[in-house]
Amino acid sequence: MPLAAQDLASLAEQMAQEGALAEDVEDYLQQRRFRRLDINAALRGELEESGLLSPFQIASLLDYRKEYGRVLSLPELSMIDGFTPALVQLLSPYVTLGGDSDAVARRLELRSRYKYKQGQDGLYQYNRVLYEGGHWQAGLLAESDAGEKPLTDYLGGYLRYERGRAALLLGDYTACFGQGLALWSSYSFTSATAPASVMRRPGRTSPYKSSDETRALRGVAFNWGNSRGPCLAAFASIRGVDAHLTPDGYASIQTTGYHRTLYEKACKNAMREYLFGANLGYGWENVRLGVTAVAYSFSEHNARKEYDYNRYQMYDGWRGNLSADIAAAAGHWRFFAEAALDSGCSPAAVAGAVWTPSYSFELSFAARYYDKAYIAPHAGAYSTISTVSNQEAALLSLLLRPVRGLSVTSFTEAVHYPWLRYRVNGPSSAVYEKLQAEYTAGSWSISLQDYFVFQSSDLSRKHSLKAVGKLEKGRWNASLRLGGVVLASGGGLSFGKAASLECSGSFSRGRLLPTAGLSFYDTDGYATRIYLYASDLPYTMNFLYYYGKGIAARGLVKFKIGKKCVLSALAAFSAGFECRLQTDFNF
C-alpha cells in the first residue's frame, strides 16, 4: 500500500506476514529519505514509481499543479483533495517542494549496530557508510552474524554516477521491471490487499543497501532516460552463491546467509551465478510500454534430487525470460498487464485495473496465470507461493472512506494450483479474505482486522484477528495491540492470543525519546503464531511473532546529540535476554 495510505506500524506487520524482512522496510525508507521526491517537479511516472502516493492522490496533485502552479508549503499540500494534515505529516521526511538546499546537499551517513542475544556465540555486527553529493552516490556495508567471522563475513557496496538522463552503477544493485514476471530482485513495498497497490510500480536498477546476502545482483548496470520518452537499462552480474556441492554439481542452494558451522562455511560462495539482461521502454503522458529480457546460469551443473512437486522447476545450463508490459491511465482508471515466456516457452501473464473515482472510493481487480513449468528464479511478481509458477488466480480489493476518519478495506482472492506443491500431493485451491476497518479522531485511533485463509489441501480454515488502539497526549504516546488466531484443521481447533502495550515519550525538547513495551502471548503452536509491531532502533522496524506461552518486555532509549548524532539502545527479554546498540551520524 502507498506509504501515505496507512501508518508504518500496520504496514510492517502486514509485510511480515507476506514474507518481508525488517531490512526491506528499512531500505525502502532509507532510499526515500535520502533521495526525497520533488512534489512540484515529478512527472506522473516518477510519482507512481515512488510508491508514496495512491493513483487518486497523484491525479489530484497533477490537476492542482496544472490549475494553480507550484505547491508552496506542506499546509497547502494538505488542502489538496486526497491529502490530509496527518498524511502530509507522514510524508514530510520523504518529499520536498523543490528549491530547498536540503534536497541537493551533500550527505554522509555513518551507522553502526551491534546485537547480543543470550545463547549465541559472539555479537551481530553491522557497519554502513552512505554518501550522496552532486552526481555521485556511494555505499559500503560490512556485516557479520553471531558466530561468523567478525566484521567482514559479508561485504557489499556500490558506486553510482548520474548525470542528466544517464546513470552508471558499479557494485551491488537491484533491478525491477514490469510487473515482475521476468525480473524483480527486490521486495515490493506494496500489498495486493490494498486496491491501489495491485499494480506494481517498476523502477530501474537501484543501489542495493540491505545486508541480505542472497538477493543482490553484483556487477554493472547502466540506465538512460526517464519516465517520459525512450529509456534503456542494461545490466550484468556475477555473484557468489552459497551451495552444497557434490562431484556431480550443486545438490542444494543455501539461502540463510549464515556461515557459522563447518558445513555453512564450506557452502559459502561455492559457485557463481552469471546473469545479464536489458529493459527497453517508452513512456508517454498516460501510457508506458516495456520489454525485458534476462538470461542466467550457474557455474555448476544441477544435481538436485527431482521430486514430483519440483519436477517442472528443474533446470540446468543457460535459461532466460522475455516479457512485455504495459501500464496506462485513462481518467480515474489505471490499467496494467505483462506477459512472459521462459526459454522453454512456458507462459506467465498478469493483468488488472485500478479505479479511483474519489478519495473515498478505490476498487481494483486482477487476474494472473503462471504455468506450472514457467521458470523464472529472479521473478518477483505477486504470488501466494515461493515461486512465480503453478497458479491461476483472481482478486478483488475495495477501499471505502464513508465518513471522515473512517476507512474500510476489503480484499478477496481465489487461487487454484494445478500441480503439486511442497507437502501438497495434488492439485489444490485456496481462498484469502481480509476485512479491515480503522477510525481516527484527533489524538486517538482504533483499528480492527480479520484475515481469513482457507486451504483445500487440508481443509483448514484460519482466522487472524487484530485490534489496535492508539492515543497521543502531549509528549506521551501509547498503543495497545491485541491479536488472536483461530485455526480449524483436521487436528481440530487450535488458538492463539497476544496483547502488547507500548508507551513512549519525548523529553528535553525532543532529544530524549524513551519507549517501554510489555507483551503477553499464549498460542497452541507455531501454526497459530501472531505478528505484532514493536518499536525498534532508528530507521528499522521490528515485527515480532509470538508462539508458545510467555511474557516479553522491552525498553528502548534514543538520545539525540546535536543535529548530527543519535545514540540508541534497546534491551528485550522473552525466551532470553537481548540487547542492541546503534549509533547514527549524519553530515
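All of these numbers come straight from a predicted model, not from anything done at the bench.

(A) Representation of the overall build of the protein within the structure. Along the protein, the regular secondary structure elements total seven helices and 31 strands. Scaling as 2.2 N^0.38, a compact globule of 587 residues should have a C-alpha radius of gyration of about 25 Å, and the protein matches this with 24 Å. Projected onto the principal axes, the alpha-carbon positions of the protein cover approximately 65 × 55 × 45 Å. Here the protein holds 587 residues, and the buried ones make up 50% of them. Restricting to contacts in the protein with at least 6 residues of sequence separation, those with at least 24 account for 56%. Within the structure as shown, the protein displays about 26900 Å² of accessible surface, and the carbon and sulfur contribution to it stands at 61%. Side chains of the protein carry 62 positive and 55 negative charges; the gap between the two charge centres is 5 Å.

(B) Focus on the packing of aromatic side chains. Enumeration over the complete set of coordinates arrives at 22 aromatic pairs. Between Trp136 and Tyr161, the aromatic rings sit 4.7 Å apart at their centres with planes inclined by 55°, giving tilted as the arrangement. A residue pair is termed long-range when its members are at least 10 positions apart, and Trp136 in strand β5 (residues 136–144) and Tyr161 in strand β6 (residues 154–163) qualify at 25 residues. Of the aromatic side chains, those joined through ring pairs into one cluster are Tyr250, Tyr296, Phe298 and Tyr315. Directly above the aromatic system of Tyr124 lies the positively charged group of Lys115, at a separation of 5.4 Å from the ring centroid. The cationic tip of Arg200 hangs over the ring face of Trp184; the distance from NZ or CZ to the ring centre is 5.0 Å.

(C) Main features of the side chain of Ser144. Positionally, Ser144 belongs in strand β5. Among the polar contacts made by the side chain of Ser144, one reaches the main-chain amide nitrogen of Leu151 at a distance of 3.1 Å. Setting aside residues no more than four positions away along its own chain, Ser144 makes contact with Leu123, Tyr124, Gln125, Lys149, Pro150, Leu151, Thr152 and Asp153.

(D) Molecular detail of the nonpolar core. Counting residues in hydrophobic clusters, the biggest one holds 24 residues, and the most contacted among them are Leu181, Phe336, Tyr370, Tyr374, Val388 and Tyr432. Residue assignment for this core shows that the elements contributing at least two residues are β16 (333–342), β17 (347–358), β18 (361–370), β19 (391–400), β20 (406–417) and β21 (428–441). When sequence neighbours within four positions are dropped, the list of residues in contact with Val388 reads Leu181, Tyr370, Tyr374, Ala379, Gly380, Ala381 and Ser383. Ala182, Phe235, Val241 and Tyr315 belong to the second largest nonpolar core, which has 22 residues in total.

(E) Here's a closer look at the pairing of β5. Pairing of strand β4 (residues 124–133) with β5, which is carried by nine bridges, proceeds in the antiparallel orientation. Each residue of the ladder has a partner; that of Glu132, found in β5, is Gln137. The turn linking β4 back onto β5 is made up of two residues, and Gly134 within it adopts a positive phi angle of 60°.

(F) Region of the structure containing the state of the cysteines. Evaluated as defined, the whole model comprises zero disulfides. Cysteine Cys565 is unpaired, with the sulfur of Cys579 as its nearest cysteine sulfur at 18 Å.

(G) Representation of a nonpolar patch on the surface within the structure. Together, Trp136, Leu159, Leu168, Leu170, Val220, Phe222, Trp224, Leu232 and Leu280 make up an exposed nonpolar region whose accessible area comes to about 770 Å². For the nonpolar patch, the secondary-structure elements that each account for two or more residues are β7 (166–175) and β9 (217–224). Residue Trp136 is classed as partly exposed on the basis of its relative accessible area, which comes to 41%.

(H) Main features of helix α4 (residues 55–68). Here α4 spans 20 Å end to end across 14 residues, near enough to the 20 Å set by a 1.5 Å rise per residue. Of all the 14 residues making up α4, ten are buried; the element is thus mostly covered by neighbouring parts of the structure. Buried within α4 are the following residues: Pro55, Phe56, Gln57, Ile58, Ala59, Ser60, Leu61, Leu62, Tyr64 and Arg65. Contacts from the buried residues of α4 go to α3 (44–50), α5 (74–77), α6 (85–91), β16 and β17. Two residues or fewer after α4 comes Gly69, characterised by a positive phi angle close to 90°.

(I) Inspection of unusual backbone geometry at higher detail. Backbone geometry places Leu151, a non-glycine residue, at a positive phi of 70°. Within the secondary structure, Leu151 is located in the loop between β5 and β6. Phi angles above zero are rare outside glycine, and Arg423 is one such case at about 65°. Residue position: Arg423 is located in the loop between β20 and β21. Judged by its relative accessible area of 71%, Arg423 is exposed.

(J) Seen up close, the pairing of strand β26 (residues 512–523). Bridge analysis of strand β25 (residues 492–505) against β26 gives nine bridges, and the strand direction is antiparallel. Paired with Cys503 across the strands is Ala516, a residue of β26. Connecting the antiparallel pair β25 and β26 is a turn made up of six residues, with Ser508 showing a positive phi of about 50°. Pairing between β26 and strand β29 (residues 549–561): eleven bridges, direction antiparallel. Residue pairing across strands places Leu512 opposite Phe559, the latter belonging to β29.

Reading the values: rules and limits
- As a convention, each chain's residues are numbered from 1 in the sequence order in which they are written.
- Where totals are concerned, whole chains, interfaces and linings use all residues; where local detail is concerned, this predicted model gives features only for residues with pLDDT of at least 70, and gives and counts side-chain atom pairs only at 80 or more.
- As a rule here, side-chain values come from all non-hydrogen atoms in the structure, and water together with hydrogens is ignored.
- Helix numbers and strand numbers start at the N terminus; a helix is a DSSP run of H or I with at least 4 residues, a strand a run of E with at least 2.
- Computation of the radius of gyration draws on C-alpha atoms, with the globule rule given as 2.2 Å multiplied by the number of residues to the power 0.38.
- Remark: exposure states derive from per-residue accessible area (1.4 Å probe, protein chains only) relative to the maximum for the residue type, with buried under 20%, exposed over 50%, and partly exposed in between.
- Residue contacts are counted whenever heavy atoms from the two residues lie within 4.5 Å of one another.
- Note on areas: Shrake-Rupley, 1.4 Å probe, and residue coverage restricted to the protein chains presented here.
- When charges are counted, Lys and Arg are positive and Asp and Glu negative, with His and the chain ends excluded.
- Charged groups are reduced to one reference atom each: NZ for lysine, CZ for arginine, CG for aspartic acid, CD for glutamic acid.
- Two aromatic rings, drawn from Phe, Tyr or Trp (for Trp, its six-membered ring), form a pair once their centres lie within 6.5 Å of each other, and the interplanar angle then sorts them: stacked below 30 degrees, edge-to-face above 60, tilted otherwise.
- Two conditions define a charge sitting above a ring: the NZ of Lys or the CZ of Arg must be within 6 Å of the ring centre, and it must be within 35 degrees of the ring normal.
- Polar contacts, as used here, are pairs of N or O atoms within 3.5 Å; protein pairs need one atom able to donate a hydrogen and one able to accept it. Residues neighboring in sequence count only if both atoms are side-chain atoms.
- Think of a nonpolar core as a cluster: buried Ala, Val, Leu, Ile, Met, Phe, Trp, Tyr and Cys residues, connected wherever their side-chain atoms sit within 4.5 Å.
- When DSSP locates at least two bridges between a pair of strands, those strands are taken to pair.
- Criterion for a disulfide: a pair of cysteine sulfur atoms at a distance within 2.5 Å.
- Within this analysis, patches are made of residues with over 30% relative accessible area and no salt bridge. Like charges are joined at 9 Å or less; nonpolar side chains (Val, Leu, Ile, Met, Phe, Trp, Tyr) at 5 Å or less.
- Within this document, salt bridges are pairs made up of a side-chain nitrogen of Lys or Arg and a carboxyl oxygen of Asp or Glu, the two lying within 4 Å of each other.
- The span you would expect from a helix comes to 1.5 Å times its residue count less one.

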